[in-house]
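Take a look at the letters that make up each chain.
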Amino acid sequence: MSWLEFIVPVLICIAIIYIPGFLLLRAVRFPRSWCIAGAPVFSLLLYIVLGLSFTASGCPTSALALACLALGLSAFAWAASAVLHKKLAREGRHLSKKLTHMDGNGVGSPSELASLLVYLTAGAVIGGAVFVAAVGRPDAYIQSYDNVTHLAMMKYFADSNVFNPIGASNYASMAPEIAPFFTGSGFYPSMWHVAGAMIMDLSGASVAVATNAEAFVTGCIVYPLCLAAFMMYIFQGNRKAILLGALASVSFTAFPWSMLIRGPLYPNMLAFATVPFIVLLLLGFISDRTPRRQRISCLAAFLLGMVVLVFVQTNAVFTVGVFAAPFLIWKASSLSSQIPILRKWGVAGKIALGLIAIALILGIWCIAYNLPFLQNVVQYEWPSWLSKRQALVNVLTLSLWKNSAAQLFMALLVLVGLVCALLKREYRPLVAVYAAVCAMYFFSSSSNGFLDSFLTGFWYSDQCRVAAMVAMAAVPLAALGASAVFEGIAVFLRFVASGASVKSVTACSVAVILGMWAFVFYPSYQIDGFTKMNTAFGSFLSRSKALYGTSDSQRHLSEREAAFIQKASEVVDDGLVLNNPFDGSVYAFIVDDLPVYYRTLRAFDTDAESVDSAVVREGIQNVATDAEVRDALRDTGIRYVLLLDQDGGEEDNPGPHPGYRERHWEALDSLNDKTPGLNVILSDGDMRLYEIDPALLEQEQ
């Protein structure tokens, strides 16, 4: 598939996540800039409601029907609102007043729409170039533990026309009585997979192409636009900081780019991308300058946005809490002037209210940390990998994920931005946010135990997720720092060229800072006779090309094995195929519809495994002599056996998938062409597709 063809699923993704949400927000009379930025959140809200409704009713639907219903509901709401607004206007009343920024200026001006266009351009052009270079091909996918679930769920939703936002098992397409594991009915946030399945259904794209289309839109469009709305609200009056924020939005490798190769963490990528806009809604609610009716709208939209995050990736709810807490504390302290007793205390009254707000926030955090249903998450321990001294260096240099290089230019901009933010009262919450997430990263990467769990347990104590929050918090500060550097360059140029015009100085300042910024994206390079210089984006691209590429050194399912599976799918006409998922065949059903029996990489030899699965897995080598094995084969419908690494796969550099336990697969690994009861129907090197002798399976139990 060419990148030109990739445009179709991308455009479909943009349409389904932007049009309904935009109309819905316009119905509530939010300014256009907010409606554009926040549209994905409320489109997803519509799909959540519709998906739950259809799932509860037991009625399957199609992506087209889902999209049309969402569009119809949002269009109706917008039209009804427009009619009501015109009626009230004729009567001399107004449904709402204009929203204002922190400095009192209006929201939604033409200049804001122009700023959105700048962020969109930066995301689509610079971010798009990074994305294309990282992924390599539109149909490329990472063969990793997490991606097995992501791809399988998306495929199930598309194949079944059941778009359930609370999740589905990898075995959902199997009848429960033959599935190898008890699938259960637990909650798993699945809106990423629902949206991807809709892209598959509407465009006809494969699961890998749909995944990449959604990832492209999330990282290159959704995140920059949500950031744009937040930045315009915070930095109104500082046009340079707003515009330079467009470059900052795509300049940190820790987010959104590392999410493409770590995990990959697609749901977290989408959830985190919308966090700036959801925080913005809360800021609109607590602002004294927001009209009362609009404050109600902001609060309602904020609460609904938090609900959406629960269904996309629940830990983003706590990310919003971390980013919003300093603003809430700052707002609480400012209320002392409205309380007669505290007004007399002056600064002490502000401090008292601030401490009360801190205590309340910590209390809520503690309650959430101790909730029984979150214990498996918050107590999950991701091992630390840095010393405390190195963790501090990594925070200061923004070398935030394993094998990444420092981002010294961005670190300098952040440092300058921190100083600038401290000097301006309304920007100080930005400093507190950054300090909080840096502290979380420091303890997560350098220690294990209670403090690490308490601070970062909601994110599985995963340094990559916490590093992403550091990058997100760094964007406004980097933009503020870049604005100050820009002013410094302009002052210097005016000093050395006193006769130059304002336009000339401005143009030269822009050229200098853009030239400096270009090195942020520079690939790793060699200085002959000295050393190799690893850059942050060079390290990222090197890693991503290895993971998304076709080299067998990084792929558990090689190109040759994928071709063999494709041939096998043409031969297998009925029944399931017994497989060892750790040899790469876990992707066989996802990519080529080969109905393999095992479609996950976990829960073997546990209480979750069915009796039939255990019997077959541990005794398939005795199929000709063991009646219990044959009974289990009949019960499950297994008719074939697939081996991709008959000799153990010693020639494959990555070897089996992580989690492989040899004792679990001794029976399958012992099979060969002489095993009684197995007939070779496909053979290529160490790869085999066997048919279990039909005569054995036809015998009476």
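What you are looking at is a predicted structure, and each value in this text was computed from that prediction instead of being measured.

## Concerning the overall build of the chain
Argument step 1. Of regular secondary structure, the chain possesses 27 helices and 6 strands.
Argument step 2. Compactness check: the chain gives a C-alpha radius of gyration of 28 Å against a globular reference of 27 Å for 701 residues, within 12% of the reference.
Argument step 3. If one aligns the C-alpha atoms of the chain with their principal axes, the spans along those axes are about 90 × 75 × 50 Å.
Argument step 4. Sorting the 701 residues of the chain into buried and exposed places 54% on the buried side.
Argument step 5. Within the chain, counting contacts between residues at least 6 apart in sequence, those at least 24 apart form 73% of the total.

## Looking at the packing of helix H3 (residues 63–90) against helix H6 (residues 191–203)
Argument step 1. It is at 8 Å that the axes of H3 and H6 come closest, and there the two elements cross at 110°. The angle between H3 and H6 places the two elements in the roughly perpendicular class. Of the residues in H6, those in contact with Ala63, Leu64, Leu66 and Ala67 of H3 are Met198, Asp201 and Leu202.
Argument step 2. Here the residues of the contact of H3 with H6 sort into 6 nonpolar, no polar and 1 charged.

## Points about the confidence of the model for the chain
Argument step 1. Looking at the chain, pLDDT values average 90 and 94% of them are 70 or higher.
Argument step 2. Ranking the helices and strands of the chain by mean pLDDT puts helix H9 (residues 266–286) first, with 97, and helix H12 (residues 340–345) last, with 70.

## So, the pairing of strand S3 (residues 576–579)
Argument step 1. Side chains Leu576 and Leu578 project from S3 onto one buried face, and the interleaved Val577 and Asn579 project onto a second face that is buried too.
Argument step 2. Of the pairings in the sheet, the one linking S3 to strand S4 (residues 638–643) comprises 4 bridges and is parallel in character. Across the sheet, the residue bridging to Asn579 is Leu642, located in S4.

## Things to note about the packing of aromatic side chains
We describe a pair of aromatic rings using the distance from one ring centre to the other and the angle between the two ring planes.
Argument step 1. The final tally for this structure, using the stated rule, is 39 aromatic pairs.
Argument step 2. Judged by centre distance (6.4 Å) and plane angle (50°), the ring pair of Phe181 and Tyr598 falls under tilted. With Phe181 in the loop between helix H5 (145–160) and H6 and Tyr598 in the loop between helix H23 (588–592) and helix H24 (611–619), the pair connects residues that are 417 residues apart, well separated along the chain. Neither residue differs from the other here; Phe181 and Tyr598 are each classed as buried.
Argument step 3. Ring centres of Phe318 and Phe458 lie 3.9 Å apart, and the angle between their planes is 5°; this geometry places the pair in the stacked category. With a gap of 140 residues between them, Phe318 in helix H11 (residues 315–334) and Phe458 in the loop between helix H18 (450–456) and helix H19 (463–496) connect regions that are remote in the sequence. Comparing Phe318 with Phe458 shows no difference in burial state: the two are buried.

## A look at the pattern of salt bridges
Side chains bearing opposite charge may pair, as long as their charged atoms lie close to each other.
Argument step 1. Following the criterion strictly, the structure yields 15 salt bridges and no others.
Argument step 2. The closest approach of N and O atoms between Asp159 and Lys155, which form a salt bridge, is 2.9 Å. Residue Asp159 and its partner Lys155 are both found in helix H5; the two are separated by 4 residues, about one turn of the helix.
Argument step 3. Among the residues examined, Lys155 registers a relative accessible area of 5% and is labelled buried.
Argument step 4. A salt bridge links Lys424 to Glu426; the nearest nitrogen and oxygen atoms lie 4.0 Å apart.
Argument step 5. Three or more residues joined by partner-sharing salt bridges are found here, namely Lys155, Asp159 and Asp593.

## Concerning the sheet that holds strand S6 (residues 687–692)
Argument step 1. One open sheet holds the 4 strands; their spatial order is S3-S4-S6-S5, and the pairing between them is mixed. Of all strands in the sheet, those with a lone pairing partner are S3 and strand S5 (678–684), marking the two edges. Neighbour-to-neighbour, the strand axes of this sheet turn through a mean angle of 25°, independent of strand direction.
Argument step 2. Where S5 and S6 come together, 6 bridges link them in antiparallel fashion. Paired with Leu678 across the bridge in S6 is Ile692.
Argument step 3. Its contacts with the sheet place helix H22 (residues 559–571) against S4, S5 and S6, and it is angled at close to 135° to S5.

## Considerations on unusual backbone geometry
Trans is the common state for peptide bonds, and a negative phi is the common state for residues other than glycine.
Argument step 1. Here the bond from Phe255 into Pro256 is cis, since omega is 5°, no more than 30 degrees from zero.
Argument step 2. Note on placement: Pro256 falls in the loop between helix H8 (239–248) and H9.
Argument step 3. Pro264 follows Gly263 through a cis peptide bond whose omega is -10°.
Argument step 4. The backbone of Ser461 shows a phi angle near 55°, a positive value even though the residue is not glycine.
Argument step 5. With respect to the helices, strands and loops of the structure, Ser461 is situated in the loop between H18 and H19.
Argument step 6. Residue Ser461 is classed as buried on the basis of its relative accessible area, which comes to 1%.

## Topic: the packing of helix H2 (residues 32–57) against H3
Argument step 1. Between H2 and H3, the shortest axis-to-axis distance is 10 Å and the interhelical angle comes to 125°. The angle between the axes of H2 and H3 places the two elements in the oblique class. Every pair of crossing elements has a handedness; the one defined by H2 and H3 is right-handed. Here Leu46, Tyr47, Leu50, Gly51 and Phe54 of H2 come into contact with H3, specifically with Leu66, Ala67, Leu69, Ala70, Leu73 and Ser74.

## Thoughts on H8
In an α-helix, one turn spans 3.6 residues, which is why side chains three or four residues apart end up on the same side.
Argument step 1. Taking burial as the measure, the 10 residues of H8 include 7 buried ones, the bulk of the element.
Argument step 2. For H8, the set of buried residues is Ala241, Ile242, Leu244, Gly245, Ala246, Leu247 and Ala248.

## What about a nonpolar patch on the surface?
Argument step 1. There is a patch of nonpolar side chains on the surface, built from Phe519, Tyr522, Tyr525, Ile527, Phe530 and Met533 and spanning about 630 Å² of accessible area.
Argument step 2. Examined against the element boundaries, Tyr525 turns out to sit in strand S1 (residues 525–527).

## Observations concerning the nonpolar core
Argument step 1. Counting residues in each nonpolar core, the largest one holds 231 residues, and the members touching the most others are Leu260, Phe272, Phe277, Tyr434, Trp517 and Val641.
Argument step 2. Per-element accounting of this core gives the leading share, 22 residues, to helix H7 (residues 207–234).
Argument step 3. Excluding residues within four positions of it along the chain, Phe272 makes contact with Phe255, Met259, Asn315, Ala316, Thr319, Trp459, Arg465, Ala468, Met469 and Met472.

What counts, and at which threshold
Residues numbered from 1 in each chain as written. Predicted model: local features only at pLDDT ≥ 70, side-chain atom pairs only at ≥ 80, totals over all residues. Heavy atoms only, no water. Helix = DSSP H or I, 4+ residues; strand = E, 2+ residues; numbered from the N terminus. Rg over C-alpha atoms; globule rule 2.2 N^0.38 Å. Buried < 20%, exposed > 50% of the residue type's maximum accessible area, 1.4 Å probe, protein only. Contact = heavy atoms within 4.5 Å. Axes fitted to C-alpha atoms, helices over the stretch in contact; angles between N-to-C directions. Parallel < 35°, antiparallel > 145°, perpendicular 65-115°, else oblique. Nonpolar A, V, L, I, M, F, W, Y, C, P; charged D, E, K, R; others polar. pLDDT = per-residue confidence, 0-100. Pairing = 2+ DSSP bridges. Phe/Tyr/Trp six-rings, centres within 6.5 Å; stacked < 30°, edge-to-face > 60°. Salt bridge = Lys/Arg side-chain N within 4 Å of Asp/Glu carboxyl O. Left-handed = near helix turned anticlockwise from the far one by under 90°. Patch = residues over 30% accessible without salt bridge, like charges linked within 9 Å, V, L, I, M, F, W, Y side chains within 5 Å. Areas by Shrake-Rupley, 256 points an atom, 1.4 Å probe, with all protein chains shown as cover. Core = buried A, V, L, I, M, F, W, Y, C linked by side-chain atoms within 4.5 Å.

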